[in-house]
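# Working through the structure, step by step
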Amino acid sequence: MIANLVQLAAEEKQNPLIPPGPELLVGALAFAIVFFFFWKKLLPNINKVLEERREAIEGGIEKAEAAQTEAQSVLEQYKAQLAEARHEAARLRQEAQEQGAQLIAEMRAEGQRQREEIVAAGHAQLAADRKAAAQSLRQDVGQLATDLAGKLVGESLEDSARQSRTIDRFLDDLEEKAEAAR
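Here we summarise the structure given alongside this text. What you are looking at is a predicted structure, and each value in this text was computed from that prediction instead of being measured.

The rules behind each value
- Residues numbered from 1 in each chain as written.
- Predicted model: local features only at pLDDT ≥ 70, side-chain atom pairs only at ≥ 80, totals over all residues.
- Heavy atoms only, no water.
- Helix = DSSP H or I, 4+ residues; strand = E, 2+ residues; numbered from the N terminus.
- Buried < 20%, exposed > 50% of the residue type's maximum accessible area, 1.4 Å probe, protein only.
- Areas by Shrake-Rupley, 256 points an atom, 1.4 Å probe, with all protein chains shown as cover.
- Patch = residues over 30% accessible without salt bridge, like charges linked within 9 Å, V, L, I, M, F, W, Y side chains within 5 Å.
- Salt bridge = Lys/Arg side-chain N within 4 Å of Asp/Glu carboxyl O.
- Lys, Arg positive; Asp, Glu negative; His and termini not counted.
- Charge placed at Lys NZ, Arg CZ, Asp CG, Glu CD.
- Phe/Tyr/Trp six-rings, centres within 6.5 Å; stacked < 30°, edge-to-face > 60°.

### Details of the overall build of the chain
Within the chain, the secondary structure is distributed over three helices and zero strands. Listing every helix and strand of the chain by position from the N terminus yields α-α-α. Burial status across the chain gives 5% buried among its 182 residues. Summed over its atoms, the accessible surface of the chain is roughly 16,200 Å², and 61% of this surface lies on carbon and sulfur atoms.

Given below as structure tokens:
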């Protein structure tokens with residue numbers, strides 16, 4: 001049969017673009033077998049793989065959107081917590097400043113009170129010392145005045161009542177002169 005085909009091909013001049021009939025039939029049959037094999041076996045597997053990919057991509061997109069939404073909500077919570085923490089820190093700082101100012105005011109008041117107590121104690125001590133010094137000076141001046149008066153008068157002024165009256169009179173005169181000089 002091949003010999004007949006070769007002989008027929010040699011006798012006929014054919015167009016090189018158009019294949020001979022039996023070759024066209026064999027080609028069409030081979031194409032139909034391959035097409036049927038692809039359509040029955042390969043095409044469902046390809047469609048299945050493509051569908052799985054599409055579902056995986058869509059599922060990945062949905063998961064990514066869900067993760068992005070969750071991340072956004074976590075970010076908002078973080079920002080809210082950060083703002084709350086900043087507000088709390090500012091409030092604590094304000095409280096600390098107020099407590100510090102109050103403590104300083106209390107310490108100043110305590111210092112002022114202690115200073116006033118010390119000044120009052122000093123004044124009381126000065127008054128007591130002045131009184132004691134005046135008393136001591138009065139006795140010493142009285143004794144000196146009595147001795148001096150005794151020498152001037154020529155008699156002893158040992159009588160305590162007389163001595164006391166003389167001393168008081170002398171000191172009263174000195175105080176009057178001191179007040180008049182002021």
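Resuming the write-up.
### A short note on a negative patch on the surface
A cluster of like negative charges, contributed by D173, E175, E176 and E179, occupies part of the molecular surface. By the element assignment, E179 lies in helix α3 (residues 160-181).

### Some details on the pattern of salt bridges
Going through the model one piece at a time under the given rule, you end up with six salt bridges. For E51, the salt bridge goes to R54, with nearest N and O atoms at 2.1 Å. Within this pair, E51 and its partner R54 are both found in helix α2 (residues 21-153), separated by three residues, close to a single helical turn. The exposure class of E51 is partly exposed, given its relative accessible area of 32%. With a closest N to O distance of 2.1 Å, E117 and R113 form a salt bridge. Taken as a pair, E117 and R113 lie in helix α2 at a separation of four residues, close to a single helical turn. Relative accessible area serves as the criterion here: at 36%, R113 is assigned to the partly exposed category.

### Description of the environment of T146
Here T146 lies in helix α2. By relative accessible area, which is 6% here, T146 ends up buried. Remark: the alpha-carbon pair of T146 and F170, spanning 24 residues in sequence, is separated by 9.8 Å.

### Digging into the packing of aromatic side chains
Scanning all chains against the criterion turns up three aromatic pairs. Consider the rings of F31 and F35, whose centres lie 6.2 Å apart with planes at 20 degrees: the pair is stacked. Remark: F35 and F31 occur in helix α2; sequence separation between them is four residues, near one turn of the helix. With a relative accessible area of 48%, F35 lands in the partly exposed category.

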